[in-house]
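Given next are the chains, with one letter for each unit.
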Amino acid sequence: MTDIQVRAAQAAEYEKVQAVFGGAMMFEPKPDELWTRLFEPERALVATDDGEIIGTTRALTRELSVPGAVVDAAHVTGVGVQPTHRRRGVMSQLIGRQLREVPEAIAVLWASEPAIYGRFGYAAAAWGVEYAVDLHRVGAPNDSIRPGALAVLTADEALKDLPALLRRLQGQRSGVSGRSDLLWQARLQDKPDDRGGRTERRILVHRDEAGTVDGYALWRGKLNWGPTGPANEVLVEELVAPEPAAYRALWQHLLTMDLSATLNYSHAAVDEPLQQLVTYPTALERRLGESLWLRVTDVPRALRQRRYAVPLDVVLEVTDHLIESNTGRFRLTTDESAVTCERTDDAADLSLSVTELAGAYLGGRPLTEFAATGRVTEHTAGALNRTATAFGWPVAPVSIEVF
Ligand SMILES: CC(C)(COP(=O)(O)OP(=O)(O)OC[C@H]1O[C@@H](n2cnc3c(N)ncnc32)[C@H](O)[C@@H]1OP(=O)(O)O)[C@@H](O)C(=O)NCCC(=O)NCCS
């Protein structure tokens, strides 16, 4: 590591940073005006060897919904080390420094491999469910969509109506990342090269009786003809429908597309209501995976930022091998109106590391899960169940976008 330097990136280095990331991930970066504008050089770190960039990590300034609130969260992305420089501690330097420097109290990312980020105190905080639906078997009703309720929008039209719906989803579920205007434009780009042989993106919306858009689905189709006839594929990229009528109508429409045999959707929550809308839920063929990984970078601030399911008064003894100020005892006190979390000398009720706090932070994984393998230790009888209940949340977190 002697000749490897780590420094902040410069604005003009976006293409070089992307080239290193693309080289590590094995894709060819293409010029993209919107993503160039979204580059935040002051939030990017590069590792150089003899002046050449050989490793990168960066963060996007975005908000994230957490239990009972929407807060700033560093959205970490573009982590890559040139294959010639792998396993020499480059990523460890980059991620360690990034975590110590982010101004937000939490950082989040999608991991390419689950083995990478646990060592830095990240934990999978939201599960994602991938559906591969057998449309011939699933048995979806196709009778309750009000005539005229569904329409297809252009991307420009969608930019007016869709952002408010995503914000409403953030009010319902944790783990949902906010989008600036520029991020929305980037999300709705539909370059032919990115379609993977599928149709252009359809922006399907549902309108309520007053004509207001109250749900949308982004989806594509793929023509396919199997030995027994038509077997088209429907790929649902994103579905946001805070209103139950919109949720039902959009799914019913997509599950009953003519000529189609399969539907894929990768961003369902573990408590996705979709399973209620079909006759044979086993035909949804669900696969569980880690979706959003979370790191608590400022323990007391992070714990104050979210809300809790029931009142709580607990002393947590926390360890953090990377960020010294997170190590110590903190008293967390919550009731319906306020949350306080301060450093204390009082005896601990529970001890755990920042990793377990991260796993439980969005309310998607109970602290009892970590206690069962000895990663959370109870010192005061009853403290574990009380704290696990308070950290839980009635709705499971979900991350609907890989960033
Ligand atoms: C993943 C990647 C960034 C790691 O960079 P690196 O500089 O080789 O990582 P480090 O040398 O700092 O590794 C630190 C530790 O993590 C381990 N590690 C690194 N990458 C790993 C992986 N993909 N799987 C399992 N362990 C991994 C190392 O073995 C090392 O363990 P050790 O401390 O016990 O020896 C790099 O290999 C890469 O760019 N991979 C392809 C792109 C990618 O997957 N990026 C992540 C996007 S989310």
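Just so you know, these numbers come straight off a predicted model, no measurement behind them.

1. Details of helix H10 (residues 383-391)
All of the buried residues along H10 are Ala-383, Leu-384, Thr-387, Ala-388, Ala-390 and Phe-391. One side of H10 holds all its buried residues, which, seen down the axis, span an arc of 165°.

2. Description of the sheet that holds strand E15 (residues 286-290)
Here we have seven strands laid out as an open sheet, ordered E8-E9-E10-E13-E14-E7-E15, and mixed in their pairing. Looking at which strands have only one partner, the edges of the open sheet turn out to be strand E8 (150-153) and E15. Neighbour-to-neighbour, the strand axes of the sheet open up by a mean angle of 25°, direction not taken into account. For strand E9 (residues 202-207) and strand E10 (residues 213-222), the ladder comprises six bridges, and the chain directions are antiparallel. If you follow His-206 over to E10, its bridge partner there is Gly-215.

3. Description of the environment of Asn-232
Here Asn-232 shows up in strand E13 (residues 232-240). We classify Asn-232 as buried; its relative accessible area is 12%. C-alpha separation for the pair Asn-232 and Ala-261, spaced 29 residues apart in sequence, amounts to 5.6 Å. A polar contact of 2.8 Å, which involves the side chain of Asn-232, links it to the backbone nitrogen of Asn-224.

The rules behind these values
- Residues numbered from 1 in each chain as written.
- Predicted model: local features only at pLDDT ≥ 70, side-chain atom pairs only at ≥ 80, totals over all residues.
- Heavy atoms only, no water.
- Buried < 20%, exposed > 50% of the residue type's maximum accessible area, 1.4 Å probe, protein only.
- Helix = DSSP H or I, 4+ residues; strand = E, 2+ residues; numbered from the N terminus.
- Arc of directions from axis to C-beta.
- Pairing = 2+ DSSP bridges.
- Axes fitted to C-alpha atoms, helices over the stretch in contact; angles between N-to-C directions.
- Polar contact = N/O pair within 3.5 Å; in protein donor to acceptor, adjacent residues only side chain to side chain.

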